[in-house]
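Listed here are the chains, written in short residue letters.
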Amino acid sequence: MKRLLSSAILGLGIGLAAPAFADLALATSKNCMSCHAVERKVLGPSFKDVAAKYKDDKGAADKLASKIVKGGSGVWGPVPMPANNQVSEADAKKLATWVLSTK
């Protein structure tokens, strides 16, 4: 019984973490992690810092998705974020939503 309960709890934990890993995998596959990290500044801001900055902005996911695809500058300092034409609008929206959910 203990083994069954342990397996169920472990499975639940993995199930809850799967979306976060899936979007981290997407961010990695789209080269986001070359300039960003979840918890620390690299060349660009950390995803946690981005989430904190936009936490009260209802339109943030759309704004960030647009910046992911088109690039941007001036918000986080002098280094511009290049356009990422290889990222579809749907993937950009997934990435933006994931970044904004980072705690």
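A.B. asks: Looking at this model, I keep getting lost on the overall build of the chain. Mind explaining?
C.D. replies: The secondary structure content of the chain amounts to 4 helices and 0 strands. In the chain, the succession of α and β elements from N to C terminus is α-α-α-α. When the accessible surface of the chain is split by element, carbon and sulfur atoms take 63% of a total near 7,000 Å².

A.B. asks: Would you mind showing me how to read the side chain of Lys30 here?
C.D. replies: The topology assignment puts Lys30 in the loop between helix 1 (2-29) and helix 2 (47-53). When neighbours within four sequence positions are excluded, Lys30 is seen to be in contact with Gln86, Val87, Asp91 and Leu95.

A.B. asks: Please clarify how the confidence of the model for the chain should be interpreted in this entry.
C.D. replies: Should pLDDT be low for a region, the predicted coordinates there are not to be read in detail. Residues of the chain with pLDDT of at least 70 account for 79%, and the chain-wide mean is 85. Here residues 1-18 is a poorly scored stretch, pLDDT under 50, and it has 0 contacts once near neighbours within four places are set aside; other chains count.

A.B. asks: Looking at this model, I keep getting lost on the layout of surface pockets. Mind explaining?
C.D. replies: Taking a probe equal in size to a water molecule and rolling it over the atoms shows the remaining empty space. By volume, the largest pocket amounts to about 630 Å³. Lining the largest pocket are 32 residues, with His36, Gly44, Pro45, Trp76 and Met81 sitting closest to its centre. It is helix 4 (residues 89-101) that provides the largest number of residues to the lining of the largest pocket, a total of 4 residues. Tallied by class, the residues present in the lining of the largest pocket amount to 21 nonpolar, 8 polar and 3 charged.

A.B. asks: Whenever I open this one, the nonpolar core confuses me. Can you help?
C.D. replies: Side chains that are nonpolar tend, in soluble globular proteins, to be buried together. Ile68, Ala92 and Leu95 are the most contacted members of the largest nonpolar core, which has 17 residues in total. Those elements that provide at least two residues to this core are helix 1, helix 2, helix 3 (60-70) and helix 4. Excluding anything up to four places from it in sequence, Leu95 contacts Asp23, Leu26, Ala27, Lys30, Cys32, Ile68 and Val87.

The rules behind the values
Residues numbered from 1 in each chain as written. Predicted model: local features only at pLDDT ≥ 70, side-chain atom pairs only at ≥ 80, totals over all residues. Heavy atoms only, no water. Helix = DSSP H or I, 4+ residues; strand = E, 2+ residues; numbered from the N terminus. Areas by Shrake-Rupley, 256 points an atom, 1.4 Å probe, with all protein chains shown as cover. Contact = heavy atoms within 4.5 Å. pLDDT = per-residue confidence, 0-100. 1 Å grid on protein atoms, 1.4 Å probe; cavity = no way out; pocket = protein on both sides within 12 Å on 5 of 7 lines; lining within 4 Å. Points joined across faces, edges and corners; volume = space filled by probe spheres on them. Nonpolar A, V, L, I, M, F, W, Y, C, P; charged D, E, K, R; others polar. Core = buried A, V, L, I, M, F, W, Y, C linked by side-chain atoms within 4.5 Å. Buried < 20%, exposed > 50% of the residue type's maximum accessible area, 1.4 Å probe, protein only.

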